[in-house]
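A structural walkthrough
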Amino acid sequence: MTNKTISDFQTPGQALKHLLTSYGWTQDDLAHILTISLKHTNEIIKDKKPISIDIARLLEKVSGWKAYEWIMLDADFQLSKKIEETKEKLVERQVEVYKYLPINELLKKGWLKPYDDINGLNKQLHSFWDIPKNKQLDFSILESNNINIEYRKSDAYKNSTNEINAKAWYQMALNHSKKLKVEPYNEKGLRELMSELHTYTVMKNGSANS
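The structure displayed is predicted, hence computed values, not measured ones.

Secondary structure summary: the protein chain contains nine helices and zero strands in total. Starting at the N terminus and ending at the C terminus, the protein chain contains elements arranged as α-α-α-α-α-α-α-α-α. Burial statistics for the protein chain: of 210 residues in total, 29% are counted as buried. For the protein chain, the share of sequence-separated contacts (at least 6 apart) that also reach a separation of at least 24 residues comes to 53%.

So, in structure tokens, the structure goes:
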């Protein structure tokens, strides 16, 4: 009998490996004792298969640890694994997003809000690119040439500015422009302004009121 408690282990597989070592058993021995297949036993030991109530009751007879302790150990492990899988998906998404968007800059400027999970990130990205919620985000469209943008391309900017980032800033400008309240376009007024534009160059601070 082992002198450890089940709380000393993080997964059912770890606990079972300890039992095998303590008793000098092989996986085949354990499978025979539990009256389950060797494959099933191997999957439990590798933490690839969850502990069922029936298996937990059998393990109680083998280990001396209560069936509910086996269930709780497995539940804690499955929950932590789920959290890790969620983190992995967020990291994968961020890798893809950072390829196309200057996320850090958007966060610093407050154009994106801090997020804790992939849903929070996706929700903001849908809003940023003005994409309906029922449509999948596909950043490959940014690699197409459907938007003609001119931007500075000197050597000083070659590491911080590229075509995809330029499209991101262009989209940000579009989003911001929708929040501005401006007078309706007046072609006549624009022409009059253009005809008088040269006069502003000789005024102090470019203002007739200065």
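On to the nonpolar core. Ranked by internal contacts, the top residues of the largest apolar core, which has 20 residues, are Leu16, Leu30, Ile51, Leu59, Trp65 and Trp70. Where this core is concerned, the elements lending two or more residues are helix H1 (12-23), helix H2 (27-34), helix H3 (38-45), helix H4 (53-63) and helix H5 (67-100). In this structure Leu30 touches Leu16, Leu20, Trp25, Thr41, Ile45 and Val62, once residues within four positions along its chain are discounted. With 17 residues, the next largest nonpolar core counts Ile103, Trp129, Phe139 and Ala168 among its residues.

Right, let's talk about the packing of H4 against H5 for a bit. Relative to each other, H4 and H5 sit at 120°, their axes nearing to 7 Å. The orientation of H4 with respect to H5, classified from their angle, is oblique. Note that H4 runs across H5; the crossing there is right-handed. Facing Ile53, Ala56, Arg57, Leu59, Glu60 and Ser63 of H4, the residues of H5 in contact are Ala67, Trp70 and Ile71.

Here the focus is a nonpolar patch on the surface. A contiguous nonpolar patch, built from Tyr185, Leu190, Leu193, Met194, Leu197 and Tyr200 and spanning about 610 Å² of accessible area, is present on the exposed surface. Looking at the secondary structure, you find Leu190 in helix H9 (residues 187-200). For Leu190, a relative accessible area of 37% translates into the label partly exposed.

One can find Asn175 in helix H8 (residues 163-177). Taking the relative accessible area as the measure of exposure, Asn175 reaches 13% and is therefore buried.

Right, let's get into H5. When the terminal C-alpha atoms of H5 are compared, their 50 Å separation across 34 residues agrees well with the 50 Å that a helix rising 1.5 Å per residue should span. Three or more residues of H5 are buried, namely Ala67, Trp70, Leu73, Asp74, Phe77, Leu90, Arg93, Val97 and Tyr100.

Opposite charge on two side chains permits them to pair, given that their charged atoms come into close proximity. Enumeration over the complete set of coordinates arrives at two salt bridges. Lys178 is the partner of Asp130 in a salt bridge, and the nearest nitrogen-oxygen pair spans 3.3 Å. One end of the pair, Asp130, is in the loop between helix H7 (118-128) and H8; the other, Lys178, is in the loop between H8 and H9, with 48 residues separating them in the sequence. When the shortest N-O distance is used, the salt bridge between Arg191 and Glu187 registers 3.0 Å.

Listed as buried for H2 are Leu30, Ala31 and Leu34. Mapping the buried residues of H2 onto a view down its axis gives an arc of 100°, with all of them on the same face. Among the structural elements, H1, H3 and H4 are those in contact with the buried residues of H2. Directly after H2, the chain includes Thr35, whose backbone phi takes a positive value near 55°.

Turning to the packing of aromatic side chains, a few remarks are in order. Per the stated rule, a full pass over the model turns up three aromatic pairs. Residues Tyr23 and Trp25 carry aromatic rings whose centres are separated by 4.6 Å and whose planes lie at 50° to one another, so their mutual orientation is tilted. Between Trp65 and Trp70, the aromatic rings sit 5.7 Å apart at their centres with planes inclined by 50°, giving tilted as the arrangement. Note on Trp70: relative accessible area 0%, which makes it buried. Grouping aromatic residues by their ring pairs yields a cluster made of Phe9, Trp65 and Trp70.

This paragraph deals with the packing of H5 against H7. Two elements in contact, H5 and H7, have axes separated by 9 Å at closest approach and are oriented at 30°. Regarding the angle of H5 to H7, the classification is roughly parallel. Residue-level inspection shows Lys89, Leu90, Arg93, Gln94 and Val97 of H5 in contact with H7, the latter providing Ile118, Leu121, Asn122 and Leu125. In the contact of H5 with H7, the residues fall into five nonpolar, two polar and two charged.

Conventions and cut-offs
- Residues numbered from 1 in each chain as written.
- Predicted model: local features only at pLDDT ≥ 70, side-chain atom pairs only at ≥ 80, totals over all residues.
- Heavy atoms only, no water.
- Helix = DSSP H or I, 4+ residues; strand = E, 2+ residues; numbered from the N terminus.
- Buried < 20%, exposed > 50% of the residue type's maximum accessible area, 1.4 Å probe, protein only.
- Contact = heavy atoms within 4.5 Å.
- Core = buried A, V, L, I, M, F, W, Y, C linked by side-chain atoms within 4.5 Å.
- Axes fitted to C-alpha atoms, helices over the stretch in contact; angles between N-to-C directions.
- Parallel < 35°, antiparallel > 145°, perpendicular 65-115°, else oblique.
- Left-handed = near helix turned anticlockwise from the far one by under 90°.
- Patch = residues over 30% accessible without salt bridge, like charges linked within 9 Å, V, L, I, M, F, W, Y side chains within 5 Å.
- Areas by Shrake-Rupley, 256 points an atom, 1.4 Å probe, with all protein chains shown as cover.
- Salt bridge = Lys/Arg side-chain N within 4 Å of Asp/Glu carboxyl O.
- Expected span 1.5 Å × (residues − 1).
- Arc of directions from axis to C-beta.
- Phe/Tyr/Trp six-rings, centres within 6.5 Å; stacked < 30°, edge-to-face > 60°.
- Nonpolar A, V, L, I, M, F, W, Y, C, P; charged D, E, K, R; others polar.

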